[in-house]
Amino acid sequence: MTAPHLTGNYAPVSEELTEYELPCTGSIPGELTGWYLRNGPNPHAAASKHWFLGDGMVHGVRLEGGRAVSYRNRWVRTSTFTDGARGIDAQGRRDFTAGVANTHVVRHAGRTLALVESSFPYELTCDLDTVGPHDFDGKLTTAMTAHPKTCPVTGELHFFGYDFREPYLTYHRAGADGTLELSRPIDVPAATMHHDFALTAKHVVFLDLPVLFDLPSAIAGTGMPFKWSDDYRARLGVLRRDDPHGAVRWFDIEPCYIFHTLNAHDEPDRIVLYAFRYRSMWRADSQSFDEPATLWRWTLDLATGGVREEQIDDRAAEFPRIDDRLAGLDSRFGHATVAGDGHGALLRYDLHTGGRTAHEFADGRIPAEAAFAPADETPGGDGYLMTYVYDPGADRSDLVILDATDLAAAPVATIHLPRRVPYGFHGNWLPDH
Ligand SMILES: [Fe+2]
């Protein structure tokens, strides 16, 4: 039987296409000029052992003054893609240029980077040609998370790398010009899986959670080499940004797993973190999720050391995004994707009132992560959500643009792509200006 991650719209596509002047229903907002780029696994051997392990393919749409100018999809030409390079070279050393670069596409200091958490990033052009691995002029000595955070105040890029060998976790900061300025190990007791973290204006928050590197499954090569542990303490680690070489303060929390944070911000004597929480992850094996995730809030009391943990919503969702111009600040609105059981929706949370609006897609039409595209210069103001939506009836995908402030309304624009875009991971709207 074919594995679920290789069937339906999870299955890879086999060709790289370039198409111009895409047909559209509705009207593309004229202020949106730039690129929508989204990454995801697309094994070029047409098979992979786990959904997370396929070669990265980026699907991109160019918008310009109300027109959908082009669609392209390209594999990221990593050394693994071109030469079959593995993560450990013939001398037993880690080779961070090897990897699949399949998880995210971000832009910082003028570079567009395709990322996966086990390797170096790969730089791309917006036309999706691969420039090559990016190691910050040789300064980066660990892998790089696929979820770096750009501070909207300083322009710095904050990120980390984690490994199954010590140091298990390393924090990095690059300046607004892209220069790697700081790298330091973060002491954790075991090789845990760190997919994401959080940034505030004053702090970095690490998620040291009970999903541990599992050597037997690494040797067996059957998928993701990680497994849940009932014995490992779940903790959030807080590092002050004004003392980046200082001690990390750890806060115990109830056991859970977090793939994605929505955002975090500072309040007087407190840090507030929003993230999608799983009660556990990969207890039996790493081929399926234990249960859906829901939105939770953790309030860390810096005076007492206590943590308040609250479920914000009971609707299962994932792939949280905000207006990234408010990263680390008190973003009132957050967005997430619902995709399961043949029904899909996009959600918009009002974190200040507890309210929620939704765009429910017609049954069968399944959205992916939605990026926020600002409509103007006001952070947290008007804007659009854009995402690829798969239509199983036509076996094709659309790029759908919704008004984030009127989410339940019909899409502003539905751009019809020449083929389906397989379900994937993360991407960004990269405006020209
Ligand atoms: Fe992710």
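Residues numbered from 1 in each chain as written. Predicted model: local features only at pLDDT ≥ 70, side-chain atom pairs only at ≥ 80, totals over all residues. Heavy atoms only, no water.

Identification of the protein chain as Dioxygenase from Nocardia yunnanensis is taken from an unreviewed UniProt entry. In its Sequence similarities (unreviewed entry) section, the UniProt entry covering the protein chain states "Belongs to the carotenoid oxygenase family." (UniProt positions renumbered as here; feature names shortened; annotations may be inferred.)

K.L.:
Explain the coordination of the iron ion to me, please; I cannot follow it from the model alone.
P.N.:
Tetrahedral metal sites with four donors have an ideal angle of 109.5 degrees; octahedral sites with six donors have ideal angles of 90 or 180 degrees. Coordination of the iron ion by the protein involves H147 (NE2), H195 (NE2), H260 (NE2) and H426 (NE2), with metal-donor separations of 2.0 to 2.1 Å. Taken together, the four donor atoms surrounding the iron ion define angles of 92 to 166° at the centre, an arrangement classified as irregular. Read in sequence order, the donor residues for the iron ion give the motif H-x47-H-x64-H-x165-H. With H147 in the loop between β9 (130-133) and β10 (149-150) and H195 in the loop between β13 (180-185) and β14 (198-199), the pair connects residues that are 48 residues apart, well separated along the chain. (Donors = N, O, S within 2.8 Å, 3.2 Å for Na, K, Ca; no water. Tetrahedral: all angles 85-135°; square planar, octahedral: opposite > 155°, others 65-115°. Helix = DSSP H or I, 4+ residues; strand = E, 2+ residues; numbered from the N terminus.)

K.L.:
Just to check I follow, could you spell out the side chain of H359 for this structure?
P.N.:
Topologically, H359 is positioned in strand β27 (residues 355-360). Beyond its immediate stretch of four places on either side in the chain, H359 contacts G344, A345, L346, L402, L407, A408, A409, A410 and P411. (Contact = heavy atoms within 4.5 Å.)

K.L.:
Teacher, can you tell me more about the nonpolar core here?
P.N.:
Generally speaking, soluble globular proteins have nonpolar side chains that are buried together. Ranked by internal contacts, the top residues of the largest apolar core, which has 69 residues, are M193, F206, Y257, W282 and W298. When residues of this core are assigned to their parent elements, the largest contribution, seven residues, is made by strand β21 (residues 270-278). What M193 contacts, discounting residues up to four positions off in sequence, is E117, Y162, V211, M224, F226, Y257, F259 and W282. Grouped together as the second largest cluster of nonpolar side chains are 21 residues, L22, A413, L417 and W429 included. (Core = buried A, V, L, I, M, F, W, Y, C linked by side-chain atoms within 4.5 Å. Buried < 20%, exposed > 50% of the residue type's maximum accessible area, 1.4 Å probe, protein only.)

K.L.:
Whenever I open this one, the packing of aromatic side chains confuses me. Can you help?
P.N.:
Centre-to-centre distance and the angle between the planes together describe a pair of aromatic rings. By the definition in use, this model includes 17 aromatic pairs. For the ring pair F164 and F213, a centre distance of 5.0 Å and an interplane angle of 20° mean the geometry is stacked. Here F213 lies in strand β16 (residues 211-213) and F164 lies in the loop between β11 (157-162) and β12 (169-174), a separation of 49 residues in the sequence. Their ring planes at 80° and their centres at 5.0 Å tell us that Y257 and F259 sit as a pair that is edge-to-face. Judged by relative accessible area, which is 0%, Y257 ranks as buried. (Phe/Tyr/Trp six-rings, centres within 6.5 Å; stacked < 30°, edge-to-face > 60°.)

K.L.:
It is not clear to me how the pairing of β9 should be interpreted in this structure. Could you clarify?
P.N.:
Regular strands show a simple pattern: their side chains alternate between the two faces of the sheet. Note that strand β8 (residues 122-124) and β9 share three bridges and pair antiparallel. When the bridges of β9 are listed, L124 appears paired with T130. (Pairing = 2+ DSSP bridges.)

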